[in-house]
Amino acid sequence: MLKKVLKMLVAVSLSMVVLAGCSPTKKVDTVDPAVPTTGEQTKGTENEEKTETPDTNESFTLTVWTHPFVSTDLADNQNKVFDDMAAEFKKIYPNANIVFEEIPWKNREEKMLAALATDAGPDIFYLIPDMMTQFADKEVLAPIDELLGSGFDYSDFSKTSIEAVSYNGHLYGLPILREVQTMFYNSDILAEVGGNANDLPDTIEEFNKLADAAVAAGYYARTFEGGNTLNATLYPYIWAYGGDIIGENNEILINSAESVKAWEEVKRQYDAGYFPADSITSQDQSSIFLEGKSLATYSSAYMLTLMESQEMKNYVIGPPLEGVTFGVTGMFVVSAKSPNADKAAQFLNVMTNTENQKAFNSLTGYIPSRASALDIYDSNVPMKELAQYVSLAKPGVIHSTARVFMSNVTAQLQAMLEGSLTPQEAADAAANMISMEMN
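(A) Quick peek at the sheet that holds strand β1 (residues 60-66). On the basis of which strands lie adjacent, the open sheet formed by 5 strands has the order β2-β1-β3-β11-β6 and mixed pairing. Of all the strands in the sheet, the pair left with one neighbour each is β2 (96-102) and β6 (174-178). Ignoring strand direction, the axes of neighbouring strands in this sheet form an average angle of 25°. In this sheet, strand β3 (residues 124-127) lies alongside β1 in parallel orientation, the contact comprising 2 bridges. In the strand pairing of β3, tryptophan 65 is matched with phenylalanine 125. This element, helix α2 (residues 75-89), spans β1, β2, β6 and β11 (329-334) of the sheet and lies at about 160° to β2. Packed onto the sheet, helix α13 (residues 341-351) meets β1, β2, β3, β6 and β11 and runs at close to 155° relative to β11.

(B) Structural view of the sheet that holds strand β7 (residues 182-186). If you walk across this open sheet you meet the 3 strands as β8-β7-β9, and the pairing is antiparallel. Each end of this open sheet is capped by a strand with a single partner; those strands are β8 (296-299) and β9 (315-318). On average, each strand axis in the sheet is tilted by 30° relative to the strand beside it, whichever way the strands run.

(C) Layout of the packing of aromatic side chains. Evaluated as defined, the whole model comprises 19 aromatic pairs. Taken together, the ring pairs in this structure connect Phe60, Phe69, Phe82, Phe89, Tyr93, Phe100, Trp105, Tyr126, Phe332, Phe347 and Phe360 into an aromatic cluster. Cation over ring: lysine 111 sits above tryptophan 65, and NZ or CZ is 5.6 Å from the ring centre. Here the guanidinium or amino end of lysine 343 rests over the ring plane of phenylalanine 60, the centre of that ring lying 5.4 Å away.

(D) Up close: the side chain of glutamate 109. Note that glutamate 109 resides in helix α3 (residues 108-117). Not counting chain neighbours up to four residues away, the residues in contact with glutamate 109 comprise Met131, Gln134, Phe135 and Arg403.

(E) Representation of α3 within the structure. Listing the buried residues of α3 in full gives Arg108, Glu109, Met112, Ala115 and Leu116. Buried residues of α3, seen end-on, are gathered within an arc of 140° and therefore sit on one face of the element. In this structure, α3 carries Glu110 and Ala117 as exposed residues pointing more than 90 degrees from its buried face. Of the residues one or two after α3, aspartate 119 is the one with positive phi, at around 60°.

(F) Representation of the nonpolar core within the structure. Formed by 113 residues in total, the largest nonpolar core has its most connected members in Leu127, Tyr185, Ile245, Trp263, Leu295 and Phe347. Contact partners of leucine 127, with chain neighbours within four places excluded, come to Met112, Met132, Phe135, Leu141, Thr329, Gly330, Met331 and Val333. With 21 residues, the next largest nonpolar core counts Leu306, Met312, Ile367 and Leu386 among its residues.

(G) Highlighting empty space enclosed by the protein. By volume, the largest cavity amounts to about 170 Å³. Together, 16 residues line the largest cavity, and Arg222, Pro236, Tyr237, Ala240 and Leu321 are the ones closest to its centre. Those elements that provide at least two residues to the lining of the largest cavity are α8 (204-216) and α9 (234-240). Within the lining of the largest cavity, the residues separate by chemical class into 11 nonpolar, 4 polar and 1 charged.

(H) Broad picture of the packing of helix α16 (residues 402-418) against helix α17 (residues 423-438). Across the interface, α16 lies against α17 with an axial gap of 9 Å and an inter-helix angle of 165°. As the angle between them shows, α16 and α17 are arranged roughly antiparallel. In this structure, the crossing between α16 and α17 has a hand that is right-handed. Here α16 contributes Val404, Phe405, Asn408, Val409, Gln412 and Met416 to the contact with α17, which in turn contributes Pro423, Ala426, Ala429, Ala430, Met433, Ile434 and Glu437. Split into classes, the residues belonging to the contact of α16 with α17 amount to 10 nonpolar, 2 polar and 1 charged.

Reading the values: the criteria
- Residues numbered from 1 in each chain as written.
- Predicted model: local features only at pLDDT ≥ 70, side-chain atom pairs only at ≥ 80, totals over all residues.
- Heavy atoms only, no water.
- Pairing = 2+ DSSP bridges.
- Helix = DSSP H or I, 4+ residues; strand = E, 2+ residues; numbered from the N terminus.
- Axes fitted to C-alpha atoms, helices over the stretch in contact; angles between N-to-C directions.
- Contact = heavy atoms within 4.5 Å.
- Phe/Tyr/Trp six-rings, centres within 6.5 Å; stacked < 30°, edge-to-face > 60°.
- Lys NZ or Arg CZ within 6 Å of the ring centre and 35° of its normal.
- Buried < 20%, exposed > 50% of the residue type's maximum accessible area, 1.4 Å probe, protein only.
- Arc of directions from axis to C-beta.
- Core = buried A, V, L, I, M, F, W, Y, C linked by side-chain atoms within 4.5 Å.
- 1 Å grid on protein atoms, 1.4 Å probe; cavity = no way out; pocket = protein on both sides within 12 Å on 5 of 7 lines; lining within 4 Å.
- Points joined across faces, edges and corners; volume = space filled by probe spheres on them.
- Nonpolar A, V, L, I, M, F, W, Y, C, P; charged D, E, K, R; others polar.
- Parallel < 35°, antiparallel > 145°, perpendicular 65-115°, else oblique.
- Left-handed = near helix turned anticlockwise from the far one by under 90°.

The following block contains the structure:
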């Protein structure tokens, strides 16, 4: 079963996806209670809103834009998952016509916005949180909480997944998948430098002690891909030090005292040889871990695929340092232009119910957002290990400019690593660029 799931993971092609030994590791408190958030459950109460009985024999069409979540050899399997969702919905609305259209990942954002601007877009489509904020600000998304009503039960969805699809007091989608990044350790190097596979680092300080020993022994301490998304490089350090990028009230925090400590630590680790010299611009350093050149790597389920392909078994999964990390939440949303937005919201409910999440995530190798669907990994130790950390995963920066200013902040990070800016200067420059985009 494990081998089958790992092979399926090869197919995962989300841009953000970038997971370890079967021996137990130290657990952290990862309770992620599912709670009603945007709409408190009122089903069955005297205050339940009265709605008109829908005409279930109504004829209508819903167009759903999807992406290649799997490789071409599994395309038929993906089509069946979606077809089964449509068949379930048609038990309620037998005259509904559900059309699935697959579009490439590349340039999807531009294509979707262009289509929605001309009223030619889909009724339903897939987004991740930082894209969701942009689309919501452009008023092309329908608030899902309003369409589902106050009686909708959110309790089975994990708290952090609901937070990731919420913006400005509204729910804009229903989450179907989770992904989490954490630390993977080479168990042989770990033992060589005095580490314990059953007592892995929880904090940056604990990790640094092992890292120093690893560097002294001729290894890298970890991977750091400076040319990759900030969600996988700088941001987790900032969160670990108690900082943030943008606050709840739109205050810029990337150059706060806490955040600057993170900039300083990244620079110190780079100068100390924790990661390779090419980390300034590198976009993929998985090979140094696979080749036994690094104590650790910061990665996701994709690493399981790579290790399976290399028949690498000497690894263990560790917790995110300081109890915080990054992880994608994938959601389906409803277009504000849809003439059948209410029906589209009902179909979202079907698409993301327990059984459909089990089918979708079993195929694609992601982690379900519903607690009732998590048992698909009960017999898959590495994936179950990862699933416990999704409660610690932040979805990135929930702001409509987050994807716009990311490249400019990356440039400041790179300038700091190469030595042309101090950590404070780089943080201040990043704050200034974020301010310009926000104003």
